[in-house]
Amino acid sequence: MIIGGGVIGLATAYHLAELGVSDVVLLERHQLTSGTSWHAAGIVGPLRASLNLTRLAQYATELFPRLEELTGQASGYRRTGGLWLARRAERMDELKRIAHMGDVCGLRVGIVDQAGVAERVSDIVVDGIEGALWVEEDGQANPVDICAAYAKRARAAGIRILEGRACSGIVTGNGRVAGVTLASGVTIDCEIVVNCAGAWARDVGTLAGVPVPLQAVEHMYVVTEPIAGLQDPFPILRDLDEAIYVKGDSGKLVLGGFEPHAKLFEVRGPAGDRPFLELPEDWDQFEPFMAAGLKLLPALSQTGIRHFMNGPESFTPDTRPLMGESPYLRGFYVAAGFNSTGMMSSAGAGKAMAEWIVDGEPSLDLWALDIARFDRSAAARSFVGARMEEAVADLFRMHWPYKQPTAGRDVRRSAFHRTFAEAGAVFGAPTGWERPLWFGDAETRGHSVGAQNWWRPARAEAKRMAEGVGLFELSPFTKIDVRGRDAVALMQFLCAADVDKPEGRAVYTQMLNARGGIEADVTVARIGKDAFRVVSGAATRQKDLAWISRHAEDLGLNVSAFDATSAEAVLGVMGPRSRDLLQSLTDADLSDAAFPFSTSRRIDIGTANVRATRVSFVGELGFELYVPVEHAESLLATIAEAGSAHGLTFCGHYALDGCRLEKGYRHWGHDIGPKDTPLEAGLSFAVSWQKDHFIGREALLKTKVDGVRRRLMHFAVVGANPLLLHDEPIYRDGKFAGLTTSGGLGVRTGLSLCLGYVACAPGEAKAQLLASDYEIAVAGTRYRLQPLDKPPYDPTGMRMRASAEENS
């Protein structure tokens, strides 16, 4: 059952038909396209800042030109080319980075100067323009025609499209979708619902108890009267620093923009229940866009405005779409929140949703868009409403590296927050949790496309930690307790490593899918005969809980999975003197002999009873302390008071990540994910080949025989410190070989470091890869890369596994 007859719902139906699925009903409460699709601006732009999102968008440029041939229905698709304009040097840096992605994906892109802009657009005012990115494949299409083509193909395949039928309820049973109730009272049984209701998707989610974090706002553009002699075709213009876009429209121009403090629109109730909804003109809100348009294209002053379009459009808290199966209800899929790019995204989104439903996963790694990245609190009206202060404008705003949101903040704090704030923490909310990024004064703030202001304090924090003790806020870690008679059987089935260890031992492992791809990167501690504690990253909390609990359900095992994330705070105590510090506060024996690496036990620290796990994500001797939230402040105070004698310092998240890069530790969602296997990622040490059965084992064994075609490698830039982020092209012996997955400054070594997958021949030895010459492209400049056989910091791992004697 597909709910919503707009471009996303129809694209999903189209692609289900292409996969041979015809037992589908699409519900539309009014007429097809009557929600928001009918007033889409119609821009088709294939280029994005990352590989998978570009591939998703690029598919439209393949499908749209063929829709008439495939369906007999014209699509109005036309290639016009497009310019992304920059009015500041930092924006040019961003565009040069994006241009690399265009090259990698086979798009015809180029960086042009003022003269190049003037050459491509007649009568444009180039004063103040630094340059631009030209994308040959930019174009436009008619959204209503695109929808008609999708619908025609779906109907021809036997898919039923019911107009004038509103959904009034979702029937569920045993945590699964069971049917849809119509406003007429009729119930249609079904096992799968796809919520494609656009601006109304949050309300449809509410019917099922599923959070869908998006908010409708008033989105405006104007259409001019015909302009004599207008260039044809007229390229798509994005004046990013003025937050406007311009496109041609049959001799007219369309001008729109993305504003801060967008006006919220409540779609619930009679006002939002009308088809082909248009809202009142608001020239006060639109005036900055009109002024910017007049400055850029003076010809606008010589013509009138034929139509002022103001209609609802939905945006998400992070301006990325919501796709995939909800972790809260099995069989309930969402494809909504496309942030005004629904038509251009529809081809790729519809294809991905059809794959998700039929194959269980899309062909691309779409974690960045997966609805499981959000929890229930993200869908609260107060939160999504607050985020609209900046989320809409963020589409065109400068995408500063490491930029943190400012609206909708301070909604999730750990018990350590007050103490860290008083110590001068600069907070961010990378996964919704407020956490210290670094500790410093006002001079360390601000944004840059080069050396970061926070590098200095982060390096100082890491240096003090490496000489003494550093405290890290780790409370956002996902913490899941798996208990029950069949807990061992479940964990052995889910984990690639052997986790059937004695109580008090922790194991680093991955949970794989059937293809051997990495669904979760976890540490599993045995905390009882039939009990385990699973720890993973903050971003995957809902995903990992659903993965564990749904497999337990499918296997019919006697197991419960409890999310303990909010019940316990976590403090990382890291550094060569961490053992000495904690030993002074506990009667437990923390010596290397009594408490070796990967030990996880309950101990007393001061008045708090904590679970201490000896692991480290920074490559130093260290302990993670898990403490009930009511004891967290007391624990931190006790450790901080005793820490002065051991060189204690507070450390932020950026210092932690810089240390991670120096050790080459993988980060799920960047370096590893569902499309990456442990063999490709250099994690085969975490696989127990002796285990008879675990998810993905057969696929890994086959890959082991066939050989991998790419390997995750560790690199350092030679003789320079460019700002490395992710998705920078890597060249091997002069030829493109792959992309970086994560990068940044090594805060103890001072090196610019990155991880990235490099193509190789099956069976090619590691020595051959290391012997090649490598370069990396960063914002239009190439730098030499040194492949690293061992981590540049503590290559033997002695510091992390050190005994008391080695650390003395």
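Keep in mind the model is a prediction, meaning the values are calculated, not measured.

Draft legend 1. Representation of the sheet that holds strand S38 (residues 774-778) in the model. Taken in spatial order, the six strands close into a barrel running S34-S37-S36-S35-S38-S39, and their pairing is antiparallel. Across the sheet, the axes of successive neighbouring strands diverge by a mean angle of 40 degrees, strand direction being ignored. Bridge analysis of strand S34 (residues 710-717) against strand S39 (residues 781-787) gives three bridges, and the strand direction is antiparallel. Within the sheet, the bridge partner assigned to Ala716 lies in S39 and is Gln786. Against the sheet, helix H17 (residues 653-663) makes contact with S34, strand S36 (735-745) and strand S37 (752-759), and its axis sits at roughly 140 degrees relative to S36, the strand it touches most.

Draft legend 2. A look at the packing of aromatic side chains. Evaluated as defined, the whole model comprises 24 aromatic pairs. Arranged with centres 5.8 Å apart and planes meeting at 50 degrees, the rings of Phe439 and Phe650 form a pair that is tilted. Of this pair, Phe439 sits in strand S22 (residues 435-439) while Phe650 sits in strand S33 (residues 648-651), placing them 211 residues apart in sequence. Both residues of the pair, Phe439 and Phe650, count as buried.

Draft legend 3. Molecular detail of the sheet that holds strand S31 (residues 608-613). Spatially, six strands are ordered S30-S31-S32-S29-S23-S33 in an open sheet, and the strand pairing comes out mixed. With one partner strand each, in any of the chains shown, strand S30 (600-605) and S33 form the two edges of the open sheet. Going across the sheet, the axis of each strand differs from the next one's by a mean of 30 degrees, ignoring polarity. When strand S23 (residues 469-473) meets strand S29 (residues 568-574), the two strands line up antiparallel, connected through four bridges. Along S29, the bridge assignment pairs Glu473 with Leu571. Across the sheet, helix H12 (residues 455-467) touches S23, S29 and S33, and the angle it forms with S33 is around 140 degrees.

Draft legend 4. The arrangement of the pattern of salt bridges in detail. Per the stated rule, a full pass over the model turns up 58 salt bridges. The partner of Asp203 in a salt bridge is Arg268, and the shortest N-O contact between them spans 3.0 Å. Placement of the pair is Asp203 in helix H7 (residues 201-208) and Arg268 in the loop between strand S17 (252-257) and helix H8 (283-296), with a sequence separation of 65 residues. For Arg268, a relative accessible area of 47% gives the class partly exposed. The residue Asp394 makes a salt bridge to Arg397 at a minimum N-O spacing of 3.5 Å. The exposure class assigned to Asp394 is buried, which follows from its relative accessible area of 13%. Residues joined in a network through salt bridges with shared partners are Arg387, Glu390, Asp394, Arg397 and Lys403.

Draft legend 5. Broad picture of the side chain of Glu680. Among the structural elements, Glu680 can be located in the loop between H17 and helix H18 (697-706). Among the residues examined, Glu680 registers a relative accessible area of 14% and is labelled buried. In contact with Glu680, not counting residues within four places along its chain, are Lys675, Val708, Arg710, Arg711, Leu712 and Tyr757.

Draft legend 6. Summary view of the pairing of strand S11 (residues 176-182). Of all the seven residues making up S11, five are buried; the element is thus mostly covered by neighbouring parts of the structure. Where strand S10 (residues 167-173) folds back on S11, the antiparallel hairpin that results is connected by two residues, among which Asn174 adopts a positive phi of roughly 55 degrees.

Draft legend 7. Structural detail: the side chain of Arg387. Along the polypeptide, Arg387 turns up in helix H10 (residues 381-387). Residue classification places Arg387 among the buried positions, given a relative accessible area of 6%. There is a polar contact of 2.9 Å between the side chain of Arg387 and the backbone oxygen of Pro317.

Draft legend 8. Seen up close, the nonpolar core. Core analysis: the biggest nonpolar cluster contains 45 residues, and Ile2, Leu10, Phe64, Leu67, Ile146, Tyr150 and Met323 have the highest contact counts within it. Only helix H1 (7-18), helix H2 (51-63), helix H6 (143-156), strand S20 (332-336) and helix H9 (342-359) provide two or more residues apiece to this core. Excluding its chain neighbours within four sequence positions, the residues that come into contact with Ile146 are Val7, Phe64, Leu67, Ser75, Ala141, Met343 and Ser346. Grouped together as the second largest cluster of nonpolar side chains are 36 residues, Val177, Val193, Ala199 and Leu322 included.

Draft legend 9. Focus on the packing of helix H13 (residues 487-494) against helix H14 (residues 541-555). Relative to each other, H13 and H14 sit at 115 degrees, their axes nearing to 11 Å. The orientation of H13 relative to H14 falls into the category roughly perpendicular. Between H13 and H14 the crossing geometry is right-handed. On the side of H13, the interface is formed by Leu490, Phe493 and Leu494, while H14 contributes Trp547, Ile548, His551, Ala552 and Leu555. Its residues assigned to classes, the contact of H13 with H14 shows seven nonpolar, one polar and no charged.

Draft legend 10. Region of interest: the confidence of the model for the protein. Across the protein, the average pLDDT comes to 96, with 99% of residues at or above 70. With pLDDT under 50 throughout, residues 804-808 is counted as low confidence; its partners more than four residues away or in other chains account for eight contacts.

Draft legend 11. Spotlight on unusual backbone geometry. The peptide bond linking Asp232 to Pro233 adopts the cis configuration, its omega dihedral lying at 0 degrees. Residue position: Pro233 is located in the loop between strand S14 (215-224) and strand S15 (236-239). Not every positive phi belongs to a glycine, and Asp410 is a case in point at roughly 60 degrees. Judged by relative accessible area, Asp410 falls into the partly exposed class, the value being 43%. In this structure, Asp794 takes a positive phi of about 45 degrees despite not being glycine. By secondary structure assignment, the location of Asp794 is in the loop between S39 and helix H20 (804-807).

Draft legend 12. Region of interest: the packing of H2 against H9. In the contact formed by H2 and H9, the axes pass within 7 Å of each other and the chain directions differ by 105 degrees. When the axis of H2 is compared with that of H9, the two are roughly perpendicular. Between H2 and H9, the residues in contact are Leu56, Ala57, Tyr59, Ala60 and Leu63 and Met344, Ala347, Gly348, Ala349, Lys351 and Ala352, respectively.

Draft legend 13. Structural detail: H18. Turning to H18, its buried residues number three or more, namely Arg697, Ala699 and Leu700. Considered in projection along H18, the buried side chains sweep an arc of 160 degrees and stay on one side of the axis. Opposite the buried face of H18, at more than 90 degrees from it, the exposed residues are Lys702 and Val705. Turning to H18, the residues buried within the fold contact strand S25 (506-512). At the exit of H18 stands Gly707, carrying a positive phi of roughly 90 degrees.

Draft legend 14. Expanded view of the environment of Gly484. Along the chain, the position of Gly484 falls in the loop between strand S24 (478-483) and H13. Sequence-distant contacts of Gly484, defined by excluding residues within four places in its chain, comprise Asp530, Asn558 and Val559.

Draft legend 15. Fine view of H2. Look at H2: 19 Å from first C-alpha to last across 13 residues, which is about the 18 Å you get at 1.5 Å a residue. Within H2 the residues assigned to the buried category are Thr54, Leu56, Ala57, Gln58, Tyr59, Ala60, Thr61 and Leu63. Looking at the buried residues of H2, the elements they touch are H1, strand S3 (43-44), helix H3 (67-71), helix H4 (89-104), H6 and H9.

Draft legend 16. Structural context of the environment of Gly719. Position of Gly719 relative to the elements: it lies in the loop between S34 and strand S35 (729-732). Between the C-alpha atom of Gly719 and that of Val112, which follows or precedes it by 607 residues, the distance is 29 Å.

Draft legend 17. Looking closely at the pairing of S30. Pairing analysis gives six bridges linking S30 to S31, with the strands arranged antiparallel. Bridging from a neighbouring strand, Arg602 pairs with Arg611 of S31. Between the end of S30 and the start of S31, which pair antiparallel, lie two residues, with Gly606 showing a positive phi angle near 60 degrees.

Draft legend 18. Highlighting the environment of Ala514. One can find Ala514 in the loop between S25 and strand S26 (518-528). If we skip the residues at most four places from it in the chain, Ala514 touches Ile695, Gly696 and Ala699.

Rules used throughout
Residues numbered from 1 in each chain as written. Predicted model: local features only at pLDDT ≥ 70, side-chain atom pairs only at ≥ 80, totals over all residues. Heavy atoms only, no water. Pairing = 2+ DSSP bridges. Helix = DSSP H or I, 4+ residues; strand = E, 2+ residues; numbered from the N terminus. Axes fitted to C-alpha atoms, helices over the stretch in contact; angles between N-to-C directions. Contact = heavy atoms within 4.5 Å. Phe/Tyr/Trp six-rings, centres within 6.5 Å; stacked < 30°, edge-to-face > 60°. Buried < 20%, exposed > 50% of the residue type's maximum accessible area, 1.4 Å probe, protein only. Salt bridge = Lys/Arg side-chain N within 4 Å of Asp/Glu carboxyl O. Polar contact = N/O pair within 3.5 Å; in protein donor to acceptor, adjacent residues only side chain to side chain. Core = buried A, V, L, I, M, F, W, Y, C linked by side-chain atoms within 4.5 Å. Parallel < 35°, antiparallel > 145°, perpendicular 65-115°, else oblique. Left-handed = near helix turned anticlockwise from the far one by under 90°. Nonpolar A, V, L, I, M, F, W, Y, C, P; charged D, E, K, R; others polar. pLDDT = per-residue confidence, 0-100. Arc of directions from axis to C-beta. Expected span 1.5 Å × (residues − 1).

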